[in-house]
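Spelled out from the first residue to the last, the chains are:
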Amino acid sequence: MYIHFNHHSQLSIKRILGTPEQDISGIYYDSRRVTPNSVFVCMSGENHDGHLYIKEAVEKGAGVIAGENLERLEEAFHQYPHVTFVLTESARSFLARISIIFYERVHEKIKTVGVTGTNGKTTVAAYVKSLMTNLEMPSGYIGTIGMFSSKGRIEFSQTTPTTPESIDLHSIFNQMYLQGDQLASMEVTSVAIEQKRVEGINFDIAIHTNLTPEHLEFHHTFENYRNAKLKLFRQAKQAVVNMDDEGMSAEILEIFNGPVLTYSLDKNAEADVKASNIKMSATGTVFEMIVGGESYIVRAPIFGNYNVANLLAAVCTALHSGFTVEEILPAITMLESPEGRLEVLQEYGNRNIILDYAHTPPALKNLIKEVKKMPHRRLIVMIAGIGIRDWEKMPQMAQAIEGEADEIVVSVDHPGFHDPEDIIDKVLTGFKKPRAGNIHRAPTRHEGVLAAMDLSSEKDLIVLTSGCINGAQLVKGERIPHSDKDIIRNYFMLEKETRSVEYV
């Protein structure tokens, strides 16, 4: 694509060294992936400075280097005068804006739905994708469990846990559009908002699920966290808000000027879409849905009251998109749930094994409350400290589960550069009786899953929780392949070996 950088004021360019006109073939923020005639954007974070990789990018053929450090750019320009160097106010903003230009504003050719909230983002985004596709509006999903068009998984190596970097995001939008998708349903994290990964996108619909303390290792204060999420509603045309959430719903309704639909599990609430008389069975949930004073019976293949709330958010999205309740009801019966979200495995040894990657104290409490409604002999729960997240949350996970399960396995997710034993020790500080005989340690998630299986017998309910995502564990900067399902499958395929379970 031919770009004259002086003609794009939204790129916030402060100075250009070299030729302002370039024919570019691609855009990269990882110097290892740079191709000839591409743009390399020098992004800087806590652990690296993209300007240090200018030489490598030039040697790989980059035609344009963009960054925030004038001194380094001038120094490089003297060495490589054939390359164009662009000084910008914000490298992340530049990356987001030039990505929009490069992909010819493809995000405006499809409906964009952004989902934010501490809990429920994955499930709501997946429900929106499934419901809208069932309503014959082919839709894709972007988020924690991968990238999917309406036709299947999009092959993509994630470099972020949830919301992709801006250039990757617009590339995915483009792939969805080329495959015939009309809507993209995506998780939008507070970190992604602050890192400007969704800058320049005016979402058609923004959805709020709830707000409790999270990501304080990044935001430092709860107020900063809330303000980051509020920004999504300043770049959206329509909004969907959970009236049952006290964390942020009032603030959204105060600042948002466009059309809003609200939802609630309280039939007496002043919400647009409400649910009551919720009854769970072995095959799903039946409930009464009230819309505009009219009552409808809904049958959904989902489990848990909080997933009924998540479904209401998707229903509001469909209503915003012009569908009627009469059209929506049959589409709900075919709803697909996301992998690893209250996912029940029933084929192993007459046990029920539940995968639900609840990784915050409120999510864990809600999950345990719901699973206890299922018939079982004993309840075995694995929790984990997440090394790459807020360490102060770890003891709270212990507090949320203590006294609620017959056996508790404390393990580790994504230790990063931390010692797994230190992470387990931090979690254990939350137990009032950390040396109780029903609390067990497992320094890797693999060992944690095996320990939970070893502790179980027939008719037991095993719940594996926490933040294992994207088919990998993040260990010392490396992605180590991991699958709870593979571990479980192999466990029951092999003759049970003698494995020791370490007691605290």
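Okay, so let's go over this structure. Every value quoted in this text rests on a predicted model; they were computed, and no experiment measured them.

1. Things to note about the overall build of the chain
Working step 1: Helix and strand counts for the chain come out as 16 helices and 27 strands.
Working step 2: Scaling as 2.2 N^0.38, a compact globule of 504 residues should have a C-alpha radius of gyration of about 23 Å, and the chain matches this with 24 Å.
Working step 3: With respect to the three principal axes, the spread of C-alpha positions in the chain is 75 × 55 × 40 Å.
Working step 4: Across the 504 residues of the chain, 58% fall into the buried class.
Working step 5: When contacts within the chain are restricted to residue pairs at least 6 apart in sequence, long-range pairs at least 24 apart make up 64% of them.

2. Things to note about unusual backbone geometry
Backbone geometry follows two general trends: most residues other than glycine have a negative phi, and most peptide bonds adopt the trans configuration.
Working step 1: For Arg105, which is not a glycine, the phi torsion comes out positive at approximately 55 degrees.
Working step 2: Structurally, the position occupied by Arg105 is in the loop between helix H3 (91–102) and strand S8 (111–116).
Working step 3: Residue classification places Arg105 among the partly exposed positions, given a relative accessible area of 37%.
Working step 4: Although it is not a glycine, Lys196 sits at a positive phi angle of roughly 60 degrees.
Working step 5: Structurally, the position occupied by Lys196 is in the loop between helix H6 (190–194) and strand S13 (203–208).

3. A closer look at the nonpolar core
Working step 1: The biggest cluster of nonpolar side chains holds 49 residues, and the ones touching the most others in it are Ile27, Phe94, Ile98 and Phe173.
Working step 2: Every element with two or more residues in this core is listed here: strand S5 (39–41), strand S6 (64–67), H3, helix H5 (166–178), strand S12 (183–187), S13, helix H8 (222–230) and strand S14 (236–242).
Working step 3: When residues of this core are assigned to their parent elements, the largest contribution, six residues, is made by H3.
Working step 4: With near-sequence residues (within four places) excluded, Phe173 lies in contact with Val106, His107, Ile110, Thr112, Ile142, Ala184, Met186 and Ile201.
Working step 5: Among the nonpolar cores identified, the runner-up in size contains 43 residues, and Ile205, Ala309, Leu312 and Ala313 belong to it.

4. Brief notes about the sheet that holds strand S4 (residues 27–28)
Working step 1: Here five strands make up an open sheet; going across it, the order is S2-S7-S6-S5-S4 and the pairing mixed. The open sheet has two free edges, formed respectively by strand S2 (13–17) and S4, since each of these has just one partner strand.
Working step 2: Two strands pair when backbone bridges link them, and S4 and S5 are joined in this way by two bridges, in the parallel orientation. In the strand pairing of S5, Ile27 is matched with Val39.
Working step 3: Lying on the sheet, H3 is in contact with S2, S4, S5, S6 and strand S7 (84–88); it crosses S5 at an angle near 150 degrees.

5. Thoughts on the environment of Ile278
Working step 1: Along the polypeptide, Ile278 turns up in strand S16 (residues 273–280).
Working step 2: A residue is classified by how much of its surface remains accessible, and Ile278, at 23% relative accessible area, is partly exposed.
Working step 3: With ten residues separating them in the primary sequence, Ile278 and Glu288 have C-alpha atoms 7.0 Å apart.
Working step 4: Discounting residues that sit within four places of it in the chain, Ile278 has contacts with Leu265, Thr285, Val286, Phe287, Asn305 and Val308.

6. Section: the pairing of strand S22 (residues 407–413)
Working step 1: Summarising burial for S22: seven of the seven residues are buried, a large majority.
Working step 2: The two faces of S22 match: Glu407, Val409, Ser411 and Asp413 on one face and Ile408, Val410 and Val412 on the other face are all buried.
Working step 3: In the sheet, strand S21 (residues 379–386) pairs with S22 via seven bridges, with the strands oriented parallel. The partner of Gly385 across the bridge, within S22, is Val412.
Working step 4: Taken together, S21, helix H13 (residues 394–401) and S22 constitute a β-α-β crossover, and its handedness is right-handed.
Working step 5: For S22 and strand S23 (residues 439–441), the ladder comprises three bridges, and the chain directions are parallel. Of the residues in S23, the one forming a bridge with Val409 is His440.
Working step 6: With helix H14 (residues 420–428) bridging S22 and the parallel S23, this β-α-β connection has right-handed handedness.

7. Brief notes about the packing of H13 against H14
Working step 1: H14 packs onto H13 with a crossing angle of 50 degrees between their chain directions and a minimal axis gap of 6 Å. Judged by the inter-axis angle, H13 sits oblique to H14. Between H13 and H14 lies a crossing whose hand is right-handed. The segment H13 lies against H14, with Met394, Pro395 and Ala398 engaging Ile423, Lys426 and Val427.

Procedures and definitions
Residues numbered from 1 in each chain as written. Predicted model: local features only at pLDDT ≥ 70, side-chain atom pairs only at ≥ 80, totals over all residues. Heavy atoms only, no water. Helix = DSSP H or I, 4+ residues; strand = E, 2+ residues; numbered from the N terminus. Rg over C-alpha atoms; globule rule 2.2 N^0.38 Å. Buried < 20%, exposed > 50% of the residue type's maximum accessible area, 1.4 Å probe, protein only. Contact = heavy atoms within 4.5 Å. Core = buried A, V, L, I, M, F, W, Y, C linked by side-chain atoms within 4.5 Å. Pairing = 2+ DSSP bridges. Axes fitted to C-alpha atoms, helices over the stretch in contact; angles between N-to-C directions. Right-handed = clockwise from strand over helix to strand, strands pointing away. Parallel < 35°, antiparallel > 145°, perpendicular 65-115°, else oblique. Left-handed = near helix turned anticlockwise from the far one by under 90°.

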